[in-house]
Amino acid sequence: MIDPTSLDDHAFAVWAAERAGAVLLDVRAGAAADGLEGKALKDAGDAAAQAELDRLLTEHRPDDAVLSEEAADDKSRLTADRVWIIDPLDGTREFSEPPRDDWAVHVALWADGDLVAGAVAQPALGETFSTGRPSVVPPRTSDRPRIAVSRSRPPAFVEALAAELDAELVPMGSAGVKVMSVVRDVADAYVHAGGQYQWDNAAPVAVARAAGLHCSRVDGSPLVYNEDDTSLPDLIVCRPELADQIVDFVRRHGTE
């Protein structure tokens, strides 16, 4: 049995994300018997995963602050040295559509000004990506660049970007899944400017950085976390060799 008090922050992020992921799989497995579907299933998943992460952090990291999508924002985090930034269920729509697997659990740690640890669990795939054991991004297997986009609302400017780069658009759900698609060589870039929050991308960015990928705002500026305003509306995660082209496109054309 794992002793959580013995885990370093990287391993704790993995453990917590996987525990929440197991809870979500249980919720999904019992959905039919419980009469849960659509919004009810989304809400049940959000609540169950939030409760599990809240319990784990309260018990095993009681001195740390927390910023979560599913909890009130305690502004004491702004003066804290350590803040866990979590999204208990990223990709609620996909979670509510079994057997889709493109949903995730995000657990990241911000400390002294930057992200220092993170894990993205994809429970339906049985995989967790983390900063403790950084992924080695394999050589690109596609001749054309592949850009991960939302399956329901891809930003219009990304279609123009794809045309300029002669890139293929790869639709999928969940911000975390899209970032991990670049880590996994399922895509070569994820470019987003339609609105996100710190919890949507903190853990994925921590993992992507550890894997050696380029991570920035769409104008090339740094991604900054534990800010008072939780909005962090845009980002680029891509193979380093594509970064200059993507940032240059955005600077010339904008994101409208």
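What you see is a predicted model; the values in this text were computed from it and never measured.

With that settled, the discussion passes to the UniProt feature "binding site: Mg(2+) 2" (unreviewed entry) in the protein chain. UniProt records the feature "binding site: Mg(2+) 2" (unreviewed entry) at Asp90, using the numbering of this structure. Following the sequence through the fold, Asp90 ends up in strand E2 (residues 82-90). The residues touching Asp90, leaving out its near neighbours within four places in the chain, are Trp103, Ala104, His106, Ser174, Ala175, Gly176 and Asp200. Here the side chain of Asp90 touches His106 through a polar contact of 3.4 Å, side chain to side chain.

To continue, consider the layout of surface pockets. One simple way to see leftover space: roll a probe sized like a water molecule over the atoms. As a volume, the second largest pocket reaches approximately 190 Å³. Lining the second largest pocket, in full, are His10, Ala11, Val14, Thr128, Phe129, Ser130, Gly132, Arg133 and Ser135. In the lining of the second largest pocket, the residues fall into three nonpolar, five polar and one charged.

On to the environment of Glu52. Of note, Glu52 is situated in helix H3 (residues 38-60). Setting aside residues up to four positions removed in sequence, Glu52 forms contacts with Arg19, Ala20 and Val23.

Helix length check: H3, at 23 residues, gives a terminal C-alpha distance of 33 Å against a target of 33 Å (1.5 Å per residue), a fit within 8%. Where the residues of H3 are buried, they touch helix H1 (9-29), helix H2 (31-34), strand E1 (65-68), E2, helix H4 (92-95) and strand E3 (104-111).

With that settled, the discussion passes to the sheet that holds E3. Spatial strand order, E1-E2-E3-E4-E5: five strands in an open sheet with mixed pairing. Because the sheet does not close on itself, it has two edges, and the strands there are E1 and strand E5 (127-130). Adjacent strand axes in the sheet meet at a mean angle of 15° when their direction is disregarded. Where E1 meets E2, four bridges bridge the pair, whose relative direction is parallel.

Criteria and cut-off values
The written sequence of each chain sets the order in which its residues are numbered from 1. With the structure being a predicted model, the display of local features is reserved for residues of pLDDT at least 70 and the display and counting of side-chain atom pairs for 80 or more, all residues being used for whole-chain, interface and lining totals. Hydrogens and water molecules were not included; the side-chain quantities draw on all heavy atoms of the structure. UniProt positions are given in the numbering used here, feature names are shortened, and annotations may be inferred rather than shown by experiment. The way it works is that DSSP assigns letters per residue, a run of H or I at least four long becomes a helix, a run of E at least two long becomes a strand, and they are numbered from the N terminus. In what follows, a contact means two residues having at least one pair of non-hydrogen atoms within 4.5 Å. Polar contacts, as counted here, are pairs of nitrogen or oxygen atoms within 3.5 Å of one another; within protein the pair requires one atom able to donate a hydrogen and one able to accept it, and residues that are adjacent in sequence qualify only if both atoms are side-chain atoms. Think of a 1 Å grid over just the protein atoms. A cavity is a set of points where a 1.4 Å probe fits yet cannot get out, a pocket is an open set with protein on both sides within 12 Å along at least five of seven lines, and lining residues have an atom within 4 Å of a point. Grid points are joined across faces, edges and corners, and a volume is the space filled by probe spheres set on the points. Residues are grouped as follows: nonpolar covers Ala, Val, Leu, Ile, Met, Phe, Trp, Tyr, Cys and Pro; charged covers Asp, Glu, Lys and Arg; every other residue, Gly included, is treated as polar. Here a helix's expected span is defined as the number of its residues, less one, multiplied by 1.5 Å. At least two bridges found by DSSP between two strands is the condition for calling them paired. Here an angle of 0 to 180 degrees is reported between the N-to-C directions of two axes, which are lines fitted to C-alpha atoms, with helices fitted over the stretch in contact.

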